[in-house]
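This is what each chain is made of:
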Amino acid sequence: MSVAVAPREARAGERGGPRPTARRHHGPSIWMAGPALALFGVFAVVPLLGVVVLSFMSWDGLGDPVWAGIDNWGRTLADPVTQNAMRLTVVVTVVSWLFQAPVSLLLGVFMAGRQRYRAVLPLLFSAAAVAIAYRALLDPNFGLGTALGIPWLSQDWIGDPDLALWVVLFVIGWCFVPFHSLLYQGGVRQIPRSMYEAALLDGAGRVQQFLHITLPQLKYTIITSSTLMIVGSLTYFDLIFVLTNGGPGNATRILPLDMYLTGFRSYDMGKASVIAVVLVVVGLTVSLLLNRLSGANKMESQMEGL
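Quick caveat, the model's predicted, so the values are computed rather than measured.

### Thoughts on the overall build of the protein chain
Moving on, step 1. A tally of regular secondary structure across the protein chain gives 13 helices and 2 strands.
Moving on, step 2. A burial count over the protein chain gives 33% of its 306 residues as buried.
Moving on, step 3. Contacts in the protein chain between residues at least 24 apart in sequence constitute 65% of all its contacts with a sequence separation of at least 6.
Moving on, step 4. Taken as a whole, the protein chain presents about 19,400 Å² of accessible surface, with 67% of it coming from carbon and sulfur.

Structure follows, in structure tokens:
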């Protein structure tokens, strides 16, 4: 005796369920990203390609561009002022990260707790406003040192070539540490409390919990924050321009400021475009290396059930 078995498609149709051949598209369509991609192409990719082409041109910003080939690149990379700007950019990038990373991490962990005054932290998004405020506070004649009667604070902080760069680094840290502290605060609050409770039952102290639980769980937050710090160091312009204008001399003339002064004060758009291309290439390379070496390009949720 044989029993006839209806095909799977027929049984699915009899139950009124969806047929396997009918494909459903879940999630947003790729066409929804079209407007954003178009805007990105028009306002980012096209200008970048124009800058790359302009880096091989000789142009004063007014007349017709003249093809100069690789002469612009050789002239720019051999310029002592640009070489000094590259060196200062490396110093600003490294010192900014060494200062901001640990301070932001510790403040973020502190703010994630239940201590009093944990939310008292300055956060100003306008770097130009910060620069104007510090320029007034550090004025040797009418600044904070004169108001408080402290001779040590009355020295010319911005006008001294040996002090100006360190003042800029301090102001940069004061301006951007709050933002990164908020990143770490959010990361710490995502760590399950059960991990700390289990460690406490095992006799782990606060330092051990910080080293063996907090830091490993903040791996991707540290990567994200460090990437923003390092790549952001290549874009510091408005704060330094308002605070020191690259001076005294060239003591604080980093690459972004050198690009502006070369293009809009020396009217050498070709050379300025070379500096712009260098900044873009270095920024993209550093960002990609950080993601590759750290494994952040394979980020997965560390919370069960997500």
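So that's the structure; there's more coming.
### Some details on the side chain of R253
Moving on, step 1. Relative to the helices and strands, R253 is located in the loop between helix 11 (238-243) and helix 12 (255-264).
Moving on, step 2. Residue classification places R253 among the buried residues on the basis of a relative accessible area of 14%.
Moving on, step 3. A polar contact is formed between the side chain of R253 and the side chain of D258, at a distance of 2.8 Å.
Moving on, step 4. The residues contacting R253, other than those within four sequence positions of it, are V81, A85, L88, G246, D258, L261 and T262.

### As for unusual backbone geometry
Moving on, step 1. A cis geometry characterises the amide bond from G247 onward to P248, with omega recorded as -5 degrees.
Moving on, step 2. Note on placement: P248 falls in the loop between helix 11 and helix 12.
Moving on, step 3. In the Ramachandran plot, Y267 falls in the positive-phi region, its phi being about 55 degrees despite a non-glycine side chain.
Moving on, step 4. Tracing the sequence through the fold places Y267 in the loop between helix 12 and helix 13 (269-294).

### Examining the nonpolar core
Moving on, step 1. Counting 23 residues, the largest nonpolar core has V92, V171, L239, I240 and L243 as the members making the most contacts within it.
Moving on, step 2. The set of elements that each furnish at least two residues to this core consists of helix 4 (80-111), helix 5 (127-137), helix 7 (161-189), helix 11 and helix 12.
Moving on, step 3. When residues of this core are assigned to their parent elements, the largest contribution, 7 residues, is made by helix 7.
Moving on, step 4. If we skip the residues at most four places from it in the chain, L243 touches A131, Y134, R135, I158, V168 and V171.
Moving on, step 5. In terms of nonpolar packing, the next biggest core, distinct from the first, is built from 9 residues, A112, V188, A199 and I213 among them.

### Things to note about helix 12
Given 3.6 residues per helical turn, the α-helix brings residues three or four places apart onto the same face.
Moving on, step 1. The buried fraction of helix 12 amounts to 7 of the 10 residues, a majority that puts the element mostly inside the structure.
Moving on, step 2. For helix 12, the complete set of buried residues consists of L255, P256, L257, D258, L261, T262 and G263.

### Considerations on the pattern of salt bridges
Moving on, step 1. Inspection of the entire model under this criterion finds 3 salt bridges.
Moving on, step 2. Close ionic contact of R75 with D268 constitutes a salt bridge, the shortest N to O distance being 2.7 Å. Residue R75 is located in helix 3 (residues 71-77), and its partner D268 is located in the loop between helix 12 and helix 13; the two are separated by 193 residues in the primary sequence.
Moving on, step 3. Using a relative accessible area of 38% as the deciding quantity, one classes R75 as partly exposed.
Moving on, step 4. With its nearest N and O atoms 2.2 Å apart, the salt bridge here joins D79 to K271. Taken together, the residues D79 in the loop between helix 3 and helix 4 and K271 in helix 13 connect sequence positions 192 residues apart.
Moving on, step 5. Relative accessible area serves as the criterion here: at 11%, K271 is assigned to the buried category.

### Side note on helix 4
Moving on, step 1. Over its 32 residues, helix 4 runs 45 Å from end to end, which matches the ideal 46 Å to within 8%, given 1.5 Å per residue.
Moving on, step 2. Sitting at the head of helix 4, D79 places a side-chain oxygen 3.2 Å from the backbone nitrogen of V81.

### Structural notes on a nonpolar patch on the surface
Moving on, step 1. A surface patch of nonpolar side chains, about 490 Å² in accessible area, is lined by L137, L144, L148, I150 and W152.
Moving on, step 2. In this structure, L137 sits in helix 5.
Moving on, step 3. Owing to a relative accessible area of 39%, L137 belongs among the partly exposed residues under this scheme.

### Observations concerning the environment of S226
Moving on, step 1. Mapping S226 onto the fold places it in helix 10 (residues 219-233).
Moving on, step 2. Here S226 falls in the buried class, since its relative accessible area comes to 7%.
Moving on, step 3. In sequence terms S226 and S287 are 61 residues apart; their C-alpha atoms lie 9.4 Å from each other.

### Brief notes about the packing of helix 8 (residues 193-201) against helix 9 (residues 206-217)
Moving on, step 1. Packing of helix 8 against helix 9 brings their axes to within 11 Å, and their N-to-C directions diverge by 160 degrees. It follows that helix 8 is roughly antiparallel to helix 9 by the angle criterion. Note on packing geometry: the crossing formed by helix 8 with helix 9 is right-handed. Contacts between helix 8 and helix 9 involve M195, Y196, A199 and L200 from the former and Q209, I213, T214 and Q217 from the latter.
Moving on, step 2. Classifying every residue of the contact of helix 8 with helix 9 gives 5 nonpolar, 3 polar and no charged.

Scoring rules and cut-offs
- Residues numbered from 1 in each chain as written.
- Predicted model: local features only at pLDDT ≥ 70, side-chain atom pairs only at ≥ 80, totals over all residues.
- Heavy atoms only, no water.
- Helix = DSSP H or I, 4+ residues; strand = E, 2+ residues; numbered from the N terminus.
- Buried < 20%, exposed > 50% of the residue type's maximum accessible area, 1.4 Å probe, protein only.
- Contact = heavy atoms within 4.5 Å.
- Areas by Shrake-Rupley, 256 points an atom, 1.4 Å probe, with all protein chains shown as cover.
- Polar contact = N/O pair within 3.5 Å; in protein donor to acceptor, adjacent residues only side chain to side chain.
- Core = buried A, V, L, I, M, F, W, Y, C linked by side-chain atoms within 4.5 Å.
- Salt bridge = Lys/Arg side-chain N within 4 Å of Asp/Glu carboxyl O.
- Expected span 1.5 Å × (residues − 1).
- Patch = residues over 30% accessible without salt bridge, like charges linked within 9 Å, V, L, I, M, F, W, Y side chains within 5 Å.
- Axes fitted to C-alpha atoms, helices over the stretch in contact; angles between N-to-C directions.
- Parallel < 35°, antiparallel > 145°, perpendicular 65-115°, else oblique.
- Left-handed = near helix turned anticlockwise from the far one by under 90°.
- Nonpolar A, V, L, I, M, F, W, Y, C, P; charged D, E, K, R; others polar.

Keep in mind these numbers describe shape, not what the thing actually does.
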